[in-house]
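# Topology and contacts: notes
Below, each chain spelled out in residue letters.
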Amino acid sequence: MESKEELVRKEENRFMETQRPARVYSAARPTGRQHIGNYLGAIQNYVALQNDFQSIYAIADVHALTTIETTQGLKENCLEMALDWFAAGIDPEKSIVFIQSHVPQVMELHTYLSMVVAVGKLTDLPTFKEKVRMHPQNVNYGLLGYPVLMSADILLFKTDFVPVGIDQAPHLEFAREIVRSFNYRYRTDVLIEPQMKATATPKIIGTDGVNKMSKSLDNDIEIAADEKTTEKRVRSMVTDTNRVRRSDPGNPDICNVFAFHKIFSPPELCAEIDRECRVAGIGCVDCKKKLAADLNASLAPLRERRAELAKNPDRVWESLRAGAKRAGAIADATIAEVRNAIGIVKP
Ligand code: ADP
């Protein structure tokens with residue numbers, strides 16, 4: 001039997017929950033300085049969402065522990081990532097931005113959720129199999145539980161929407177199944193099924209012209225790189241491989257440099273390159289020079305803001321700490337309800 005106080009608190013929580021604006025939650029592992037793929041594929045979307053939702057964005061350092069060999073540089077990577085996020089317009093006043101481990105309630109929820117997940121389900125997941133292939137020397141328990149921790153992240157904040165690309169839909173379905181299992185097992189409705197907020201995020205191809213841009217493949221261009229480094233990375237970009245000599249006509253439709261022009265260059269220049277490339281009127285070297293210039297111009301304001309923020313890292317840490325405090329308050333409320341639903345003995 002629930003006490004009168006508990007019933008009142010439950011009703012209050014319920015009331016607060018119905019009054020609050022819809023929440024979005026997303027997290028990314030601390031990969032340090034962000035690249036153009038992160039920027040166009042995730043960060044810009046985070047910035048847009050914070051105007052319409054209560055947005056919660058986490059730097060998932062605990063998730064990172066599943067695969068990294070050393071924690072040296074972990075702190076630095078969190079800071080570098082936060083600098084890029086804030087410089088790109090994620091506003092720590094509007095959004096709740098924090099480091100995952102600073103809200104340790106997620107670990108508790110992870111443990112409770114793990115009781116309603118079948119091991120076979122985890123070992124069957126394609127993402128787990130892929131990670132085993134990539135890290136055969138380090139198939140740790142945390143790796144297996146990765147999707148459970150991810151679900152705990154989402155469910156802890158009673159997230160309404162998770163912005164994911166269509167390829168990540170199975171991950172969200174996993175979290176939704178956990179909600180159903182948990183709520184059924186404990187005859188409760190404390191956890192809510194998050195919905196997918198499908199986003200038309202582009203898949204950015206790296207400088208190798210074939211693979212998704214990624215730090216680990218060393219085919220990335222950092223958003224906050226200096227101008228010279230950006231020029232160098234752009235120079236190394238693979239173009240239309242059928243175009244061998246300068247006099248060969250190229251095909252912009254299959255050229256990754258042109259794909260970048262379409263994002264960062266004005267329409268007139270894109271039209272000119274589209275026309276001239278096909279008749280060998282412009283060579284790849286010049287085409288890349290123009291891209292590097294436009295890329296540097298587009299990212300200049302972000303880089304300026306970042307340089308300003310980087311002068312005072314303490315302020316960035318302070319924002320992250322404040323974010324953790326706000327996130328922690330939501331987490332505490334959820335954990336109290338979850339414990340109560342399970343029937344855990346009160347301290
Ligand atoms: P995580 O594995 O934690 O998601 P990543 O650094 O791989 O960390 O990605 C962070 C975010 O950036 C994710 O939302 C991911 O989809 C997005 N992202 C990463 N690389 C690219 C890319 N090349 N194109 C589009 N989006 C990308």
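Right above here is the structure, for reference.
The rules behind the values
Every chain begins its residue count from 1, and numbering advances along the sequence as written. Predicted model: local features are reported for residues with pLDDT of at least 70 only, side-chain atom pairs are reported and counted for 80 or more only, and whole-chain, interface and lining totals are derived from all residues. As a rule here, side-chain values come from all non-hydrogen atoms in the structure, and water together with hydrogens is ignored. Numbering of helices and strands starts at the N terminus; helices are DSSP runs of H or I of at least 4 residues and strands are runs of E of at least 2. Throughout this description, a polar contact denotes any pair of N or O atoms lying within 3.5 Å of each other; where both atoms belong to protein, one of them has to be capable of donating a hydrogen while the other can accept it, and for residues adjacent in sequence the pair is counted only when both atoms sit in side chains. Residue contacts follow a heavy-atom distance rule, with two residues in contact if any of their heavy atoms lie within 4.5 Å. When at least one non-hydrogen atom of a residue lies within 4 Å of a molecule or strand, that residue is treated as near it. Computed with a 1.4 Å probe, the accessible areas rest on the Shrake-Rupley method; for each residue, only the protein chains presented here act as cover. Put simply, Ala, Val, Leu, Ile, Met, Phe, Trp, Tyr, Cys and Pro go in the nonpolar bin, Asp, Glu, Lys and Arg in the charged bin, and everything else, Gly too, in the polar bin. Whenever a carboxyl oxygen of Asp or Glu lies within 4 Å of a side-chain nitrogen of Lys or Arg, that contact is scored as a salt bridge. Whether two aromatic rings pair depends on their centres lying within 6.5 Å, for rings of Phe, Tyr and Trp, where Trp uses its six-membered ring; planes under 30 degrees apart make the pair stacked, over 60 edge-to-face, and the rest tilted. When accessible area is computed with a 1.4 Å probe and restricted to protein chains, residues below 20% of their type maximum are described as buried, those above 50% as exposed, and intermediate ones as partly exposed. Should the NZ of a Lys or the CZ of an Arg lie within 6 Å of a ring centre and within 35 degrees of the ring normal, that charge is described as sitting over the ring.

A word on the side chain of asparagine 296. When you line up the elements, asparagine 296 lands in helix H14 (residues 284–310). At 3.4 Å, the side chain of asparagine 296 and the side chain of threonine 230 are in polar contact. Residues within four places of asparagine 296 in sequence aside, it is in contact with Glu227, Thr230, Glu231 and Arg303.

The local shell around the ligand holds 14 residues, among which Arg29, Gly37, Pro202, Ile204 and Met213 are the closest. In the model, an oxygen atom of the ligand is placed 3.2 Å from a nitrogen or oxygen of the asparagine 38 side chain. Methionine 213 is positioned such that a nitrogen or oxygen atom in its backbone is 3.0 Å from a nitrogen atom of the ligand. Isolated, the ligand exposes 540 Å² of accessible area, and the fraction of that covered by the protein chains is 78%. Among the elements that take part in the shell around the ligand, helix H2 (residues 36–49) stands out by supplying four residues, more than any other. When grouped by side-chain class, the residues that make up the shell around the ligand number five nonpolar, six polar and three charged.

Once that is clear, we can look at the pattern of salt bridges. The full count for this structure, using the stated rule, is 22 salt bridges. Close ionic contact of arginine 339 with glutamate 108 constitutes a salt bridge, the shortest N to O distance being 2.7 Å. Separated by 231 residues along the polypeptide, arginine 339 in helix H15 (residues 313–342) and glutamate 108 in helix H5 (residues 105–114) bring together distant segments of the chain. Across the pair arginine 176 and glutamate 173 runs a salt bridge, and its minimum N-O distance is 3.3 Å. Taken together, the residues span about one helical turn, with arginine 176 and glutamate 173 both in helix H10 (residues 169–185) at a distance of three residues. Members of the salt-bridge network, linked through shared partners, are Arg33, Glu80, Asp84 and Arg306.

Tallied over the entire structure, the rule returns seven aromatic pairs. Taking the centre distance of 5.6 Å and the plane angle of 20° together, the rings of tyrosine 25 and phenylalanine 157 count as stacked. Taken together, the residues span a long stretch of sequence, with tyrosine 25 in strand S1 (residues 23–28) and phenylalanine 157 in the loop between helix H9 (146–156) and strand S4 (161–164) at a distance of 132 residues. Side by side, tyrosine 25 and phenylalanine 157 carry an identical accessibility label, which is buried. Summarising the aromatic geometry, the rings of phenylalanine 98 and phenylalanine 157 are spaced 5.7 Å apart at their centres and angled 65° between planes, so their arrangement reads as edge-to-face. In this pair, phenylalanine 98 is assigned in strand S3 (residues 96–99) and phenylalanine 157 in the loop between H9 and S4, connecting sequence segments 59 residues apart. A single burial state applies to phenylalanine 98 and to phenylalanine 157, both of which are buried. Through a chain of ring-to-ring contacts, three or more aromatic side chains come together here, namely Tyr25, Phe98 and Phe157. Of note, lysine 131 hangs over the ring of tyrosine 146, and the distance from its end group to the ring centre comes to 3.6 Å. Lying across the ring of tyrosine 184, arginine 187 places its NZ or CZ 4.7 Å from the centre.

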